[in-house]
Amino acid sequence: MSCSGLRHLQDGEKALRSQKIKGNKNVGNEELAEFYAQQPNRRILVLPFSPYVWFYYRGLKSYDKQKYVEKKVEVEAKFATRIAELEQNGRNSNRLKRKRNRKIEKIDKAIAEGNLGMRIGEPLSIFDSTKARNTADQMELFLHSKGFFNAKADYRARLTRRKARVTFEIKEGLPYTIDSLLYDIRDSDIDSLVKADSENSLLQVGEQYDQSTIGNERDRVTELLKNNGYYDFSRQFVSFQVDSAIGNKRVAIRTLIKNPASRGYHKVFTLDSVVFTMDANLQIPDRSRTTSFFNTITYKYYDKPYSRKILDRRVFIYPGQKYNKENTLLTQRQLAYMDNFKFININYDTTGGQFIANIFVSPLNRYQWSNEVGVNVTQGFPGPFYNLSFKKRNVFKGLENLELSGRIGIEGVASASNPDEIYRSIEAGANLSFTFPQFILPVNNKRRIRWGKMNPKTRVQGGYSFTDRPEYNRVNFNFSNTYLWENQRRDQFSLAFGEISIINSSLDSAFNARLITLAENGNNLKNSFDPSFVSSIVFGANFNFNNYGTFTDNSAFLRFQVESGGSTLNIIPDDFLRKIDLEYYKYFKLNVDFRKHIPIDERTNFAYRVASGIAVSYSDNQVLPYEKYFFAGGSNNIRGWRPRRLGPGSYTPIDSTTQALDYSFEQQGEIQLLSSFELRRKLVGILAGAVFIDAGNVWSLREDNTRPGASFKANRFWKEIAISSGVGARFDFSFLVLRFDLGLKVYDPARAEGKRFIFSNGFNDPPFQRGENNPDLESVIFNIGVGYPF
């Protein structure tokens, strides 16, 4: 009872234990729940009590507000003396003042919100009939706003000796629909414009009445007019009259647009000139800016810093055009995308009877160094990494950016033969890239201007990477030429022509022996580690719906990528590569990744991910470059298996000598199916909890005699989908999320049919029996990650 807090009830009080809504069929519970005037105390997952109440009263027991007030006076006096001494001696006291402010802020928080226990916890929620009545009234008004004009909302409280459970009962009735749309617009030009755009109206005959739609329609009409020259038009000129007395549960809606009282009409503003100031941050005494003209725009600068031709492709407002709010924002946004300006400000000047657009930009620092130190937890055990990058902006005066970056990371990888032994894995690399704010293509300027709305970029990049893993060392020299563009700010596209890599590998003796054995049995994986030439053309598309990644709204994300490998072999003859002993590959790869985030309430949300892919080799060696294979297992997909050790299919890796499980080597596949489902809930402060289920596997496309059960078969693949589940903790520090997950195998396709579920008979039959001779058998996998898994 101590955690439930009932002992803190006064006579006549009852603890609010639950609230629910019933009777509603059309309006969702989540919408009506917004009007709760009270909330029951929070609970953690399925616990029948609220530990937050215990935290609060535990803190309250030792809380003395007067002590904090006295402490504040003492701290202020102490710092006042020390600051005065510093200032008398002519020394800077700013650092001490900042320290004082931090201490005072902390004390003020304790005075206003209580001590740490009180802030973490919450007082017992006491049922209040007045608040319940107010909640029902607000629900009823909301139903009316949704078109249910005859709706009724009431509440019923089920009271016991010390508890109250409240049910809000809804009677919606039939909704009112729109019968007719009328207009009362005094300005004939605006009347014609609004009626011509009526097909885009949010109000349509036959649709259900919704007050929020009327508000959105007011905003739409305002934007329509602002995009057609009406610079000083505002939503206050737009109003609506709703007539619900016409009968048969129908309404007539009249749109009214009044004229301004001062002028008597709405003026259309046409641009007289556009002035672009390139260095708004500078003011040089006794010197005036140079003025020049390009494509009817006036440019001003002290020393010409940027190409006017390149800037012109990102400006969409010109003299002679009507004012257009959308083009103004588009200009501001596209200039910001160029990563050369600290701020971009566009304002309009109407003085002197002219209408002038002023564009002011202030440049970012031309040279920029940045570095990052952190913990690498991509796979296996965590290890440190360090990133260093240098950027030079506006390299050739055409707003091009050069970036030189380097990275080194160390990661711990568990030994396959002894889980207590950890190998060191090193990844290092360096890249040099040039990013141009246009497509480097032989097209005319008219088309370049049209493409300017899509934030076009060309990135030319060369790099070197080195990977040192227990099984192999791998060196990669790469080059790519990539075109990038966007659509409607949410959709991003990339097309990489001539992505080329030259790769060389050095193999561990045991791993090399394993590859030789595989080759002798018809598996050509060894070719993936020969010195090789890899070329491809890659198209990728990312679709972001409603700002996925902020994890606050109902949102989704879709990634699509298709890759054609070996395309440049049409230019470089096969014979030439053979002469210089370079393996080459021809392949096709496709993968799709969909993610969804669904808020349940302000503290709980549900997220899921579904991904699939296929890679097909059509070269003579019938293998892929090793990096192009799919893998399963690890902290970001199937968390009940170690990284890259799941599958393929129902293959069971057995050591031929010990007859024990052998997860010494990564398990690659050409087909991948993955899914993850996760329920997340904020617990205390920065701590959140999660429960999850992961399912998926990888398969080979062809029969593989060295890995029985690895191939994809339509009549059995569904039996080979591995399942893991578990719980996790997330620490959200705002600048990063640190994640800990415990994954448990629930369904293991490597086991014999009938013994794959964790609770089935024979689950621990050989070779899956526990013991010292089977170190690879791990019932629970501990995963560490940075950021959410999806």
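K.L.:
Residues and numbers for the pairing of strand 3 (residues 163-171), please.
P.N.:
Relative to strand 3, strand 1 (residues 15-22) runs parallel, the two being bridged by seven bridges. Bridging across to strand 3, Leu16 finds its partner in Ala164. In the sheet, strand 2 (residues 152-159) pairs with strand 3 via eight bridges, with the strands oriented antiparallel. Opposite Ala157, over in strand 3, you have Val166 as the bridge partner. Hairpin remark: strand 2 followed by strand 3, antiparallel, with three residues in the connecting loop.

K.L.:
How would you sum up the environment of Phe55? Please name residues and give values.
P.N.:
Here Phe55 is to be found in helix 2 (residues 51-61). In this structure Phe55 touches Gly117, Met118, Ile120 and Gly121, once residues within four positions along its chain are discounted.

K.L.:
Before we move on, could you go through unusual backbone geometry and cite the residues and values that matter?
P.N.:
In the segment running from Gly647 into Pro648, the intervening peptide bond is cis, with an omega of -5 degrees. For Asn248, which is not glycine, the phi torsion reads 60 degrees and is therefore positive. Considering the arrangement of structural elements, one finds Asn248 in the loop between strand 5 (238-243) and strand 6 (250-257). The class of Asn248 is exposed, set by a relative accessible area of 69%.

K.L.:
How would you summarise the sheet that holds strand 5 if you had to cite specific residues and measurements?
P.N.:
Strand order in the open sheet made by the three strands is 4-6-5, with mixed pairing throughout. What marks the edges here is a single partner per strand, and that holds for strand 4 (177-185) and strand 5. Each adjacent strand pair in this sheet contributes to an overall mean axis angle of 20 degrees, direction not counted. Where strand 5 and strand 6 come together, six bridges link them in antiparallel fashion. Looking at strand 6, one finds that Asp243 is bridged to Ala252. Sheet contacts for helix 7 (residues 188-196): strand 4 and strand 6; angle to strand 4, the most-contacted strand, approximately 155 degrees. Packing of helix 8 (residues 211-226) onto the sheet brings it into contact with strand 5 and strand 6, and relative to strand 5 it is tilted by some 145 degrees.

About the criteria used
Note on numbering: residues in each chain are counted from 1, in written sequence order. Per-residue local features of the predicted model are confined to residues with pLDDT of at least 70, and side-chain atom pairs are confined, for both listing and counting, to 80 or more; whole-chain, interface and lining totals are unaffected and use all residues. Side-chain measures here rest on the full set of heavy atoms in the structure, leaving out hydrogens and waters. A pair of strands is treated as paired once DSSP finds two or more bridges between them. The numbering of helices and of strands both runs from the N terminus, where a helix is a DSSP run of H or I of at least 4 residues and a strand a run of E of at least 2. In this description, contact between two residues means that some pair of their heavy atoms is separated by no more than 4.5 Å. Burial classes: relative accessible area under 20% of the type maximum marks a residue as buried, over 50% as exposed, and values in between as partly exposed (1.4 Å probe, protein chains only). Helix axes use the C-alpha atoms of the stretch in contact, all axes being lines fitted to C-alpha atoms, and the angles between their N-to-C directions lie in the range 0 to 180 degrees.

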